[in-house]
Amino acid sequence: MKIKILFVLFLLSLAPASFAGVYKSGVQASYYAEKYHGRKTANGETFNMYAMTCAHKTLPFGTVLRVTNLSNNKTVDVRVNDRGPFVKGREIDLSKAAAQKLDMIKTGTARVKIEILDKSAGASPAPVSEPYWDVQVGSFSSRENANKVAQNLLKNGFENVYFQKTKAVTRVVIKKIPDKQLPSLESKLRQIGYTGFMVKKNG
């Protein structure tokens, strides 16, 4: 009898981590691809749309998740290496390759179930410093036009507005934006009519 009990315990130890339960179900997933390919993720890696990764707002970096498309029961395992999605009602942002595995490229979004397979990978300490971002609002051949934009940004409450000059252009840049503040800053820029801005990691 003792041998049987030990054998059962051994089998349970081999069961997948998802056996412990579902993290969330019936939530919305989206994906991101070419626009962000090659950019830095929030944990300092380079985003590769062909890798099995994802963005989540709160789960620790390194956490491995199993995501199931509830409309077709297709699954994919992904690792958290970025923050997002910053769209209301969305729970997770998948890489393009992961979205293809779930057959959600055409729809763009899908209702999914999320299970945590391995949280130990995310248990290591967070990066020493929070990522910061620079947002280039515009690039102008005329210093006067650059100055108008800078003044408008200051008028609307933006801080850390700088000029970056080259021989040909003057760029208007909002510098060193904390990671958590980036989504709201981008939204505020769009509200006042600036949509062609570029985001780069500070430093």
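See the structure shown above.
Sheet strands associate in pairs through backbone hydrogen bonding, adopting either a parallel or an antiparallel arrangement. Strand order in the open sheet made by the 4 strands is E8-E9-E7-E10, with antiparallel pairing throughout. The open sheet has two edge strands, strand E8 (161–165) and strand E10 (198–201), and neither has a second partner. Each neighbouring strand pair of the sheet contributes to a mean axis angle of 35 degrees, computed without reference to strand direction. One ladder, built from 4 bridges, connects strand E7 (residues 132–140) with E10; its direction is antiparallel. Residue tryptophan 133 lies in a different strand from E10, and its bridge partner there is lysine 201. Against the sheet, helix H3 (residues 143–155) engages E7, E8 and strand E9 (170–178), with an angle of about 160 degrees to E8.

If you check which residues of helix H4 (residues 182–191) are buried, you get Leu182, Leu185, Glu186 and Leu189. An end-on view of H4 places all buried positions within 100 degrees of arc, on one side of the element. Buried residues along H4 sit against E7, H3, E9 and E10. Where H4 ends, the next residue or the one after it, glycine 193, has phi of about 100 degrees, a positive value.

Cis geometry marks the peptide bond from glycine 84 to proline 85, where omega comes out at -10 degrees. Here proline 85 lies in the loop between strand E4 (75–82) and strand E5 (90–95). The backbone of aspartate 103 shows a phi angle near 55 degrees, a positive value even though the residue is not glycine. Summarising the element assignment, aspartate 103 is placed in the loop between helix H2 (96–101) and strand E6 (109–118).

About the criteria used
Residues numbered from 1 in each chain as written. Predicted model: local features only at pLDDT ≥ 70, side-chain atom pairs only at ≥ 80, totals over all residues. Heavy atoms only, no water. Pairing = 2+ DSSP bridges. Helix = DSSP H or I, 4+ residues; strand = E, 2+ residues; numbered from the N terminus. Axes fitted to C-alpha atoms, helices over the stretch in contact; angles between N-to-C directions. Contact = heavy atoms within 4.5 Å. Buried < 20%, exposed > 50% of the residue type's maximum accessible area, 1.4 Å probe, protein only. Arc of directions from axis to C-beta.

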